[in-house]
Protein chains: 2
Amino acid sequence: MTEATIPALKIHGADNVSVVLTEGGLQPGARLDDGTELREAVPFGHKVALEDIPRDGVITRYGVTIGIASEDLPRGTWVNEHRMRLPEPPALDDLPPPAPQPAPPAPLEGYTFEGYRNADGSVGTRNILAISTSVQCVAGVVDHVVSRVQAELLPRYPNVDGVVALNHAYGCGVAINAPDAIIPIRTVQNLAKNPNFGGEVMVIGLGCEKLRPEWLLPEGDPSASVLTLQDPAHIGFAAMVDAILKQAEEHLERLNRRTRETCPASDLVVGVQCGGSDAFSGVTANPVIGCAADLIVRAGGSVMFSEVTEVRDAVHLLAPRCADKETSEALAREMAWYDAYLARGGADRSANTTPGNKAGGLSGIVEKSLGSVAKSGSSPLADVTGPGERISRKGLTFAATPAGDFVCGTLQLAAGMNVHIFSTGRGTPYNLPAAPTLKVVTNSALARRWFDLVDLDTGRVATGEATIETLGMELFQLILDTASGKRITAADRLGIVNDLVLFNPAPVT
Amino acid sequence: MTEATIPALKIHGADNVSVVLTEGGLQPGARLDDGTELREAVPFGHKVALEDIPRDGVITRYGVTIGIASEDLPRGTWVNEHRMRLPEPPALDDLPPPAPQPAPPAPLEGYTFEGYRNADGSVGTRNILAISTSVQCVAGVVDHVVSRVQAELLPRYPNVDGVVALNHAYGCGVAINAPDAIIPIRTVQNLAKNPNFGGEVMVIGLGCEKLRPEWLLPEGDPSASVLTLQDPAHIGFAAMVDAILKQAEEHLERLNRRTRETCPASDLVVGVQCGGSDAFSGVTANPVIGCAADLIVRAGGSVMFSEVTEVRDAVHLLAPRCADKETSEALAREMAWYDAYLARGGADRSANTTPGNKAGGLSGIVEKSLGSVAKSGSSPLADVTGPGERISRKGLTFAATPAGDFVCGTLQLAAGMNVHIFSTGRGTPYNLPAAPTLKVVTNSALARRWFDLVDLDTGRVATGEATIETLGMELFQLILDTASGKRITAADRLGIVNDLVLFNPAPVT
Ligand SMILES: [Ca+2]
Ligand SMILES: [Ca+2]
Ligand SMILES: [Ca+2]
Ligand SMILES: [Ca+2]
Ligand SMILES: [Ca+2]
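Definitions and limits used
Residues numbered from 1 in each chain as written. Chains lettered and ligands numbered in written order. Predicted model: local features only at pLDDT ≥ 70, side-chain atom pairs only at ≥ 80, totals over all residues. Heavy atoms only, no water. UniProt positions renumbered as here; feature names shortened; annotations may be inferred. Contact = heavy atoms within 4.5 Å. Buried area = accessible area lost by both parts, 1.4 Å probe. Salt bridge = Lys/Arg side-chain N within 4 Å of Asp/Glu carboxyl O. Polar contact = N/O pair within 3.5 Å; in protein donor to acceptor, adjacent residues only side chain to side chain. Nonpolar A, V, L, I, M, F, W, Y, C, P; charged D, E, K, R; others polar. Domains from an automatic or database assignment. Helix = DSSP H or I, 4+ residues; strand = E, 2+ residues; numbered from the N terminus. Least-squares fit on C-alpha atoms with pLDDT ≥ 70 in both. Donors = N, O, S within 2.8 Å, 3.2 Å for Na, K, Ca; no water. Buried < 20%, exposed > 50% of the residue type's maximum accessible area, 1.4 Å probe, protein only. Phe/Tyr/Trp six-rings, centres within 6.5 Å; stacked < 30°, edge-to-face > 60°. Patch = residues over 30% accessible without salt bridge, like charges linked within 9 Å, V, L, I, M, F, W, Y side chains within 5 Å. Areas by Shrake-Rupley, 256 points an atom, 1.4 Å probe, with all protein chains shown as cover. Lys, Arg positive; Asp, Glu negative; His and termini not counted. Charge placed at Lys NZ, Arg CZ, Asp CG, Glu CD.

- The name an unreviewed UniProt entry gives chain A is Galactarate dehydratase, with Aliiruegeria lutimaris as the organism.
- In its Sequence similarities (unreviewed entry) section, UniProt records this for chain A: "Belongs to the UxaA family."

Pasting the structure below:
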């Protein structure tokens, strides 16, 4: 069995584990390029001890402690979550101060895309009619209306890219005065203002709900409309539907008069997240996304990353990157809020990891976090926003959200995202209809299997066929082409549509 | 202004308020039939003081204290939520013991419906293919499959009534080991076993999610199937969809061989709830539903009512109706659990009421509760079940759920409901595709306006055109006809479809 030595992935000089890169895994006796001989079989993507790690010794990957050995782990042992425990999370009251920022890299100039300029200065990458809803009760009627708009109206408004129902499970049957209710409320309000909806706010309400339909109308916007199903003017279902269709046409008329114009890359607002991660997420897809994120920031654009439970264990690495003390404090505040939210429900950040993460070689939330934050690249952290808030600064923002894919994506839409980047290792047919969603996969096996579901294969980094930098530039270009509408994402081509999911940390009633 | 006296609604001899029955409300100077002269305008459905109520005096309706006057309320004053405060909720550690049950009314025999008998003894009122999902990630693909099944497969299986995706927002990105996670998990498990799905359990999972797809398979059921999108066998989207369609056909073949047979009314499992209530809910629709509930119980069937926050203030009235001490303790336990759940989020049971409730004349949760529990009729309370549990006894069960319409309906489906009764005063186009949903409205104005959206108008009780008893029997007959598939509900005729909403009191990650 011990023939030629086999390359394995060691990321940082201080690491005492490396990751098996051989598809199908390695058998006992296989010898890694550093001379380590495997004592047992180790699956693809999983970790091998490169030195004898004693019980209670630290397990180091990315140069950071990802776990404490719960048994002796001699060199060549399979290191997995059953053989280690998590270290304590970094303390939040003792974060390192913002470090002196290195001289920023040269601005990246001359990159543009074709977008829809909005009255508020934001830019849409799509020209979509969004129908906002104040309460779940109207969802069935709105779904019916959306089908009618698609079949009967859209053919007459060829410049409109589509119609989207902003249905959700909030609005009534909820504790609307609870302290945390502000989160779902501002999310619903801000969703309607996403740049891809062209400033046309069309609200359908019921009439008796707790979330008042008029709360969703932006102040001083004469084009915004609101209609409630309980309005005595509607006699029967057909009348209700006709009234909504009439309302929709007014918005469609205006949207249809819009055309794309050349916009600088600084008008991009890119939201990045990951879902269904594996051990390669942190070494292929996420660093490639981080590289593209740096390019967008250099071009003057906005990038947001999120997923609090995947940042919690890396917060001490992010704190020095904060642009100022205020941002660093906001970062600690969002982490502390989430710690308390989880504790209230009898959980902690370790609840983040999934069976798929573990099967894919991720031995706990610390290792997952270090791979997850790679998506943020290396730019200074310009701002931190709370869940459901709109981002307001150029550069890199940490938009604090849960890590669950649909909750995170919904909150990033509310934050103003006009292009979405999603990395996956295990594979998920995730798609948001409101913003083009590019799927970046971590390994070539998945890229081959889901050939029509993915947009970019970064598995080539692990095999040495490509570098993070070349793929980062490729992704940046893909983002511009997608923003321009020249490229349709894989999931949009297939017509996969996922629903929004609000984050409501307050009770339901 | 003071012409003839005007009838108003006083429910109990001890009440010191009555409700204005005149559409459009009453003007100052109007004289009620008890001689009370209005001191100010009082809207339709709102309350008038029938005697001088001093500041800190009790306001009594249904013979129960619904509030404490926060100012002097002289006879003829409009009594509303701004002029009163809530009393303390009944203590839970001091509930009255189960009272000796009155001799049960004569059994109701000879009532039947045409249903689909299942292998487990339950009976479906519809013959539906349900596609269960273990995680939100698959929802977009499953929605696509459902359209394909409807267009391509159902025409070949004429005995199958429809296909329903059991999509939800749970399964990953959640704290699956948190104490309260049991609620959404068992809900998803039990949804698949609803009698209207004919015992055919078809699960679509992703593969890496926390909620394992195989957890949704009933033990020892050889016909149950599970398929994951990440299965390496699926090369591309079309292969994935084809595999699901093939799976669906196996279930459709078996469902298509089923036929309706005559079943006793004791096979009914009726879930009742209300939404968009007004001051008439408690005097028209809900008592009519309570009367029908009593008939079902007399016929040996099962009825469940729910909505914890609408029962909390009436718990001292329900406790004596409990069949035994165990049931009474379970009732108190569910109330205490919900009190703690609300308190954890900074809320209490008063968060239940809506702007529509208040506009409709309901001055707080106590008054709303007293009207809400009228749906339970007068039968002994045979059992209390937790959210997401299946009911297991005949007779009346309190299935503890939140009051939010979609959450409650979803949990009642999981509890095994085969017919749903929904009362509304303000109006909501609520419909569950998995069980026929009869909409009972509290007032004739709404019945006229939403003529094609409602199934039964109980406003005739308030105007004296009908009695609670005659409408109760009418509703009972409507339930049997609907269960038999002879009558299609208003919302099913219109094709309104609402999504399920799970109750997840545990944190998301
Ligand atoms: Ca993630
Ligand atoms: Ca995620
Ligand atoms: Ca209710
Ligand atoms: Ca309800
Ligand atoms: Ca949907």
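1. Notes on the interface of chain B and chain A
So, point 1. Counting from both sides, the interface comprises 68 residues of chain B and, opposite them, 67 residues of chain A.
So, point 2. Between chain B and chain A, a total of about 4900 Å² is buried, with carbon and sulfur atoms accounting for 65% of that surface.
So, point 3. Ranking the residues of chain B by area buried against chain A places Phe237(B), Arg449(B) and Thr509(B) at the top, with a combined share of 13%.
So, point 4. At the boundary of chain B and chain A, one finds zero salt bridges.
So, point 5. Connecting chain B to chain A are 26 residue pairs in polar contact (both at pLDDT 80 or more).
So, point 6. By residue class, the composition of the side of chain B that touches chain A is 38 nonpolar, 19 polar and eleven charged.

2. What to know about the domain arrangement of chain A
Accessible area lost during the coming together of the parts is what is often quoted as the interface size.
Residues and elements named next belong to chain A.
So, point 1. Segmenting chain A into domains produces domain 1 (1–88), domain 2 (113–256) and domain 3 (270–494).
So, point 2. Taken over C-alpha atoms, the centre of domain 1 sits 26 Å from the centre of domain 3.
So, point 3. Broken down residue by residue, the surface that domain 1 buries against domain 3 is led by Tyr62, Glu81 and Leu86, which jointly contribute 31%.
So, point 4. Run the count over domain 1 and domain 3 and you get three salt bridges.
So, point 5. Its salt-bridge partner being Glu23, residue Arg448 comes within 3.5 Å of it at the nearest N-O pair.
So, point 6. On inspection of domain 1 and its partner domain 3, the count reaches eight residue pairs in polar contact (both at pLDDT 80 or more).
So, point 7. Among the elements that line the side of domain 1 that touches domain 3, the one with the most residues is strand 5 (residues 64–69), at three residues.
So, point 8. Of the residues in the side of domain 1 that touches domain 3, the class split is 13 nonpolar, four polar and five charged.

3. Re the relation of the copies chain B and chain A
So, point 1. With an RMSD of 0.0 Å, chain B superimposes on chain A once it is rotated by 180 degrees and translated 0.0 Å along the axis. Here the transformation between the copies is reduced to the relation of a two-fold axis. If distances are taken from each C-alpha of chain B to the rotation axis, the shortest is found for Arg344(B), at 3.6 Å.

4. Comments concerning the coordination of the calcium ion (ligand 1)
Residues and elements named next belong to chain A.
So, point 1. At this site the calcium ion (ligand 1) is bound by Cys274 (O), Cys274 (SG), Glu307 (OE), Glu310 (OE) and Glu310 (OE), with donor distances of 2.4 to 2.7 Å.
So, point 2. In the primary structure, the donors to the calcium ion (ligand 1) are separated according to the pattern C-x32-E-x2-E.
So, point 3. Here the calcium ion (ligand 1) and the calcium ion (ligand 2) are spaced 3.4 Å apart, with Cys274 acting as a shared donor. Here Glu307 lies in the loop between strand 16 (302–305) and helix 5 (315–318) and Cys274 lies in strand 15 (residues 269–274), a separation of 33 residues in the sequence. Summarising the burial analysis for this pair, Cys274 and Glu307 share the class buried.

5. Some points on the packing of aromatic side chains
So, point 1. Applying the stated criterion across every chain yields a total of 22 aromatic pairs over all chains.
So, point 2. Ring centres 5.9 Å apart and planes at 65 degrees place the aromatic pair Trp337(A) and Tyr338(A) in the edge-to-face group.
So, point 3. Ring geometry for Trp337(B) and Tyr341(B): centres 5.4 Å apart, planes at 10 degrees, overall stacked. With Trp337(B) and Tyr341(B) both in helix 6 (residues 325–344), this residue pair falls four residues apart, about one helical turn.
So, point 4. Put simply, the rings of Trp337(A), Tyr338(A), Tyr341(A) and Phe503(A) pair up and form one aromatic cluster.

6. What about the side chain of Arg212(A)?
So, point 1. Checked against the element boundaries, Arg212(A) lands in the loop between strand 12 (202–205) and strand 13 (225–228).
So, point 2. Using a relative accessible area of 18% as the deciding quantity, one classes Arg212(A) as buried.
So, point 3. Of note is the side chain of Arg212(A), whose polar atom sits 2.6 Å from the backbone oxygen of Glu209(A).
So, point 4. In this view, Arg212(A) contacts Gly207(A) and Pro355(B); residues no more than four positions away in its chain are not counted.

7. Points about the coordination of the calcium ion (ligand 3)
All names here are of chain B.
So, point 1. All of the protein donors around the calcium ion (ligand 3) are Cys274 (O), Cys274 (SG), Glu307 (OE), Glu310 (OE) and Glu310 (OE); their distances to the metal are 2.4 to 2.8 Å.
So, point 2. In primary sequence terms, the donor set of the calcium ion (ligand 3) follows C-x32-E-x2-E.
So, point 3. In this structure, the calcium ion (ligand 3) lies 3.4 Å from the calcium ion (ligand 4), and both are coordinated by Cys274. In this pair, Cys274 sits in strand 15 (residues 269–274) while Glu310 sits in the loop between strand 16 (302–305) and helix 5 (315–318), placing the two residues 36 residues apart along the sequence.

8. Observations concerning a negative patch on the surface
So, point 1. Residues Asp143(A), Asp499(A), Asp143(B) and Asp499(B) make up a contiguous surface patch of negative charge.
So, point 2. Along the polypeptide, Asp143(B) turns up in helix 1 (residues 139–153).
So, point 3. Here Asp143(B) falls in the partly exposed class, since its relative accessible area comes to 32%.

9. Things to note about unusual backbone geometry
For residues that are not glycine, phi is negative in most cases, and the peptide bond is trans in most cases.
So, point 1. The phi angle at Glu307(A) is positive, at roughly 70 degrees, despite the residue not being glycine.
So, point 2. In this structure Glu307(A) comes out as buried when scored by relative accessible area, which is 0%.
So, point 3. With phi around 75 degrees, Asp56(B) is a residue other than glycine that occupies positive phi space.
So, point 4. Judged by relative accessible area, which is 46%, Asp56(B) ranks as partly exposed.

10. So, helix 2 (residues 182–191) of chain A
So, point 1. Counted residue by residue, helix 2 of chain A has eight buried out of ten residues, so it is predominantly covered.
So, point 2. Residues of helix 2 of chain A that are buried: Ile183(A), Pro184(A), Ile185(A), Arg186(A), Thr187(A), Val188(A), Asn190(A) and Leu191(A).

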